[in-house]
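Structure assessment
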Amino acid sequence: MAKQPMLRFVDMARDMPTKRAAQDRSHDFDEIYAEYADAKAAEQASRCSQCGVPYCQTHCPLHNNIPDWLLMTATGRLKEAYELSQSTNTFPEICGRICPQDRLCEGNCVIEQSGHGTVTIGAVEKYITDTAWERGWVEEIVPRAERGESVGIIGAGPGGLAAADVLRRAGVQVTVYDRHDRAGGLLTYGIPSFKLEKDVVLRRVGQLERAGVKFVLNCNVGEDISFQAIRGQHDAVLVATGVYKSRELGGPGAGASGIVRAIDYLTASNRIGFGDEVKEFDDGTLNAKGKKVVVIGGGDTAMDCVRTAIRQGATSVKCLYRRDRANMPGSQREVANAEEEGVKFVWLSNPKGFSGDPVTGVVVQKMRLGEPDVTGRQSPEPIEGSEYTEDADLVIKALGFEPEDLPTLWGEDALPVTRWGTVMAEFNTGATSLADVYAVGDIVRGASLVVWAIRDGRDAASAILKAFDEQGAQVAAE
Ligand SMILES: Cc1cc2nc3c(=O)[nH]c(=O)nc-3n(C[C@H](O)[C@H](O)[C@H](O)COP(=O)(O)OP(=O)(O)OC[C@H]3O[C@@H](n4cnc5c(N)ncnc54)[C@H](O)[C@@H]3O)c2cc1C
Ligand code: SF4
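Overview of the structure. No experiment lies behind these values; they were computed from the predicted model shown. (Residues numbered from 1 in each chain as written. Chains lettered and ligands numbered in written order. Predicted model: local features only at pLDDT ≥ 70, side-chain atom pairs only at ≥ 80, totals over all residues. Heavy atoms only, no water.)

Turning our eyes to something else, we now look at the sheet that holds strand S6 (residues 259-261). Taken in spatial order, the five strands of this open sheet run S6-S14-S7-S8-S9, and their pairing is parallel. The open sheet has two edge strands with one neighbour each: S6 and strand S9 (344-346). Between one strand axis and the next, the sheet turns by 25° as a mean value, whatever way the strands run. Here strand S8 (residues 316-320) pairs with S9 via three bridges, running parallel. Opposite Leu-320, over in S9, you have Val-346 as the bridge partner. Each of S6 and strand S14 (394-397) is contacted by helix H14 (residues 262-274), which is oriented at about 75° to S6, the strand it contacts most. (Pairing = 2+ DSSP bridges. Helix = DSSP H or I, 4+ residues; strand = E, 2+ residues; numbered from the N terminus. Axes fitted to C-alpha atoms, helices over the stretch in contact; angles between N-to-C directions. Contact = heavy atoms within 4.5 Å.)

It is worth spelling out the site of ligand 2 at this point. Residues in close proximity to ligand 2 include Cys-60, Asn-64, Ile-66, Asn-89, Cys-95, Cys-99, Gln-101, Leu-104, Cys-105, Ile-121, Glu-125 and Val-451, which together make up its full environment. Split by residue class, the shell around ligand 2 holds eight nonpolar, three polar and one charged. (Near = heavy atom within 4 Å. Nonpolar A, V, L, I, M, F, W, Y, C, P; charged D, E, K, R; others polar.)

The next thing to look at is the sheet that holds strand S1 (residues 150-154). Here we have five strands laid out as an open sheet, ordered S3-S2-S1-S4-S16, and parallel in their pairing. With one partner strand each, in any of the chains shown, strand S3 (214-216) and strand S16 (437-439) form the two edges of the open sheet. Neighbouring strand axes in the sheet, compared pairwise and without regard to direction, differ in orientation by 20° on average. Examined bridge by bridge, strand S2 (residues 173-177) and S3 share three bridges and lie parallel to one another. For Val-176, the partnering residue across the bridge sits in S3 and is Phe-215.

Moving on: the pairing of strand S7 (residues 292-296). Most of S7 is tucked away, with four of its five residues classed as buried. As defined by bridge partners, S7 adjoins S8 across five bridges and the pair is classed as parallel. Note on S8: the bridge partner recorded for Val-293 is Val-317. A crossover connection joins S7 to the parallel S8 through helix H16 (residues 300-312); in handedness this β-α-β unit is right-handed. Pairing between S7 and S14: four bridges, direction parallel. (Buried < 20%, exposed > 50% of the residue type's maximum accessible area, 1.4 Å probe, protein only. Right-handed = clockwise from strand over helix to strand, strands pointing away.)

This part takes up the packing of aromatic side chains. Evaluation of the coordinates by the stated rule reveals three aromatic pairs. Between Phe-227 and Trp-410, the ring centres sit 4.9 Å apart and the planes meet at 15°, which makes this aromatic pair stacked. Placement of the pair is Phe-227 in helix H13 (residues 227-233) and Trp-410 in the loop between helix H18 (406-409) and S16, with a sequence separation of 183 residues. Judged by relative accessible area, which is 0%, Phe-227 ranks as buried. A relative accessible area of 6% means that Trp-410 is categorised as buried. (Phe/Tyr/Trp six-rings, centres within 6.5 Å; stacked < 30°, edge-to-face > 60°.)

Moving on, we get to the side chain of Thr-129. Tracing the chain through its elements places Thr-129 in helix H9 (residues 121-134). The exposure class of Thr-129 is buried, given its relative accessible area of 0%. Once residues lying within four places of it in the same chain are set aside, the contact partners of Thr-129 are Tyr-82, Ser-85, Pro-92, Glu-93 and Arg-204.

This next bit is on the environment of Asp-405. You can see Asp-405 is positioned in the loop between strand S15 (401-402) and H18. By relative accessible area, Asp-405 is classed as partly exposed at 43%. Each C-alpha atom, one on Asp-405 and one on Asp-224, is 17 Å from the other, the two residues being 181 residues apart in sequence. One polar contact links Asp-405 to Thr-408, side chain to side chain, over a distance of 2.6 Å. (Polar contact = N/O pair within 3.5 Å; in protein donor to acceptor, adjacent residues only side chain to side chain.)

With that settled, consider helix H5 (residues 66-74). With seven of nine residues buried, H5 is to be regarded as a mostly interior element. For H5, the complete set of buried residues consists of Ile-66, Pro-67, Trp-69, Leu-70, Met-72, Thr-73 and Ala-74. Its buried side turned inward, H5 meets helix H3 (29-45), helix H4 (55-58), helix H6 (78-88) and H9.

The next subject is the environment of Ala-41. Within the secondary structure, Ala-41 sits in helix H3. Using a relative accessible area of 7% as the deciding quantity, one classes Ala-41 as buried. The spatial distance from the C-alpha of Ala-41 to the C-alpha of Leu-465 is 37 Å, given a sequence separation of 424 residues. Apart from the residues lying within four places of it in its own chain, the contact partners of Ala-41 are Thr-73, Val-124 and Tyr-127.

All right, on to the packing of H5 against H6 then. Packed helix pairs are characterised by how far apart their axes lie and by the angle those axes make with each other. Axis separation between H5 and H6 bottoms out at 7 Å; the angle between their running directions is 165°. Of the possible angle classes, the one that applies to H5 and H6 is roughly antiparallel. The crossing of H5 and H6 is left-handed. On H6, the residues that touch Asp-68, Trp-69, Met-72 and Thr-73 of H5 are Leu-78, Glu-80, Ala-81, Leu-84 and Ser-85. Within the contact of H5 with H6, the residues separate by chemical class into five nonpolar, two polar and two charged. (Parallel < 35°, antiparallel > 145°, perpendicular 65-115°, else oblique. Left-handed = near helix turned anticlockwise from the far one by under 90°.)

What follows deals with the nonpolar core. If you look at the biggest cluster of nonpolar residues, it comprises 73 residues, and the most contacted ones within it are Leu-70, Ile-153, Leu-167 and Phe-215. The biggest single contributor to this core is helix H20 (residues 450-477), with 10 residues. Filtering out sequence-adjacent residues up to four positions away, Phe-215 remains in contact with Ala-156, Leu-161, Val-176, Ala-183, Val-205, Leu-208 and Glu-209. Judged by nonpolar contacts, the second largest core, of 29 residues, contains Ala-268, Cys-319, Tyr-321 and Val-335. (Core = buried A, V, L, I, M, F, W, Y, C linked by side-chain atoms within 4.5 Å.)

Ile-98, Asp-178, Val-221, Tyr-244 and Asp-442 are the nearest of the 32 residues found near ligand 1. Between Pro-158 and ligand 1, the recorded distance is 3.4 Å, taken from a backbone N or O atom to an oxygen atom. Within the side chain of Asp-178, a nitrogen or oxygen atom sits 2.6 Å from an oxygen atom of ligand 1. Protein chains shield 96% of the accessible area of ligand 1, which is 990 Å² for the free molecule. Elements that contribute at least two residues to the shell around ligand 1 include exactly helix H10 (158-169), H16 and H20. Across the shell around ligand 1, the residue classes break down as 15 nonpolar, 12 polar and five charged. (Areas by Shrake-Rupley, 256 points an atom, 1.4 Å probe, with all protein chains shown as cover.)

So, in structure tokens, the structure goes:
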């Protein structure tokens, strides 16, 4: 039997604006469409049962007040819904688009748990903030009062930008350094534009620029300016550099041409989207058009690569993963999307080597799942004699990322790092053991999520403000 939406908070007959619009000939198409879209969002939001045990909120890293802004959306109070949503999330329209909601808010929705299909929380969050931008409700950032302190932020990804937003609103002088020519970090050059349109990211960067945040781009800290010089110029420094060292593959033929890193492939594709000239795309090195593509890996980066390759016009796209579907780290939603688009998944398969140079194939070792390891996941074991070759003329390695060796690159032995190379920082404040140096996002957590980087950036900015206030009070008392 078809599932019925629960219309508890909105009388759709009363609020159905398309009907109103049809009667009012003065409405133009945009107005009619806007009213229709509002009604659709209200309909979806009204499916929230206001259960009183908001697991969705608990499982959102920002603890967004989801039930309340759903209720506001359901009852047509879109502007209030936007205001509430942006009070806990610096970039709601970005999270609404790219959070793996099935693992966070939506996966824990009680409507989903009871088998009726989740309230599409992310889609509503995206809708209310996109609408706020369209209708001019998003206000410029106006510092409460200018403050004398300055903060240098290294890295213009979501962690750095979220911190910049909080600090600038409080009147702090903020400079963001980034080695790329555009701000946004992986929002700009990692995540493909079919998941996150780039104007959505750059609109936020523009908002920060207009508020007085200074961006120093094409500036590789450690090469173009030293970490020590940045510390000398600012009262506090926030490290938000992400993780960019790609995990590599071994085996015979691993150095052949035609075997490329996922980050290079995705960056080139995003640059082409901006209209940049990219030599390696034009000469075919980082372009899947007309090729048999094999992507190696089972995470979200691998999903982005396979779906990008399909869009570039690859003749076939296969994804090799050493475990099975149930044990892959990537989102099941992404796998389903990729399969719908024509990607073939080759489960329980590990690359053992490569043939040809340029590459012509991947030598595949079939695997079976054995005993669980310390993490509880079943370890893949090779099946002897099962090797075969998958044809490929472009192989994309998407095996994950590790931190660069920051203490060495920056000549700063005192920067505390864990044995994995991530920066050691306090959770909730981002404070490191180096005086006035904080760290947030992937460089602390290892490869993680945008929403966690935003959470960290906001928390660290609050901690920096608290430290400034305490230092100010101390000076005043002396
Ligand atoms: C392909 C891909 C797809 C992803 N898709 C999703 C998704 O759909 N949803 C999701 O939630 N997460 C996704 N993630 C993860 C997410 O993008 C990251 O967790 C998030 O961007 C981390 O934010 P960050 O601010 O810590 O670092 P980043 O976004 O990596 O930003 C770090 C910035 O620091 C700069 N930088 C680094 N070193 C230096 C230096 N020495 N000097 C100056 N600048 C420097 C870099 O240029 C970069 O701009 C994806 C990741 C990848 C790789
Ligand atoms: S920020 Fe992410 S997890 Fe939180 S409500 Fe939005 S989509 Fe869900």
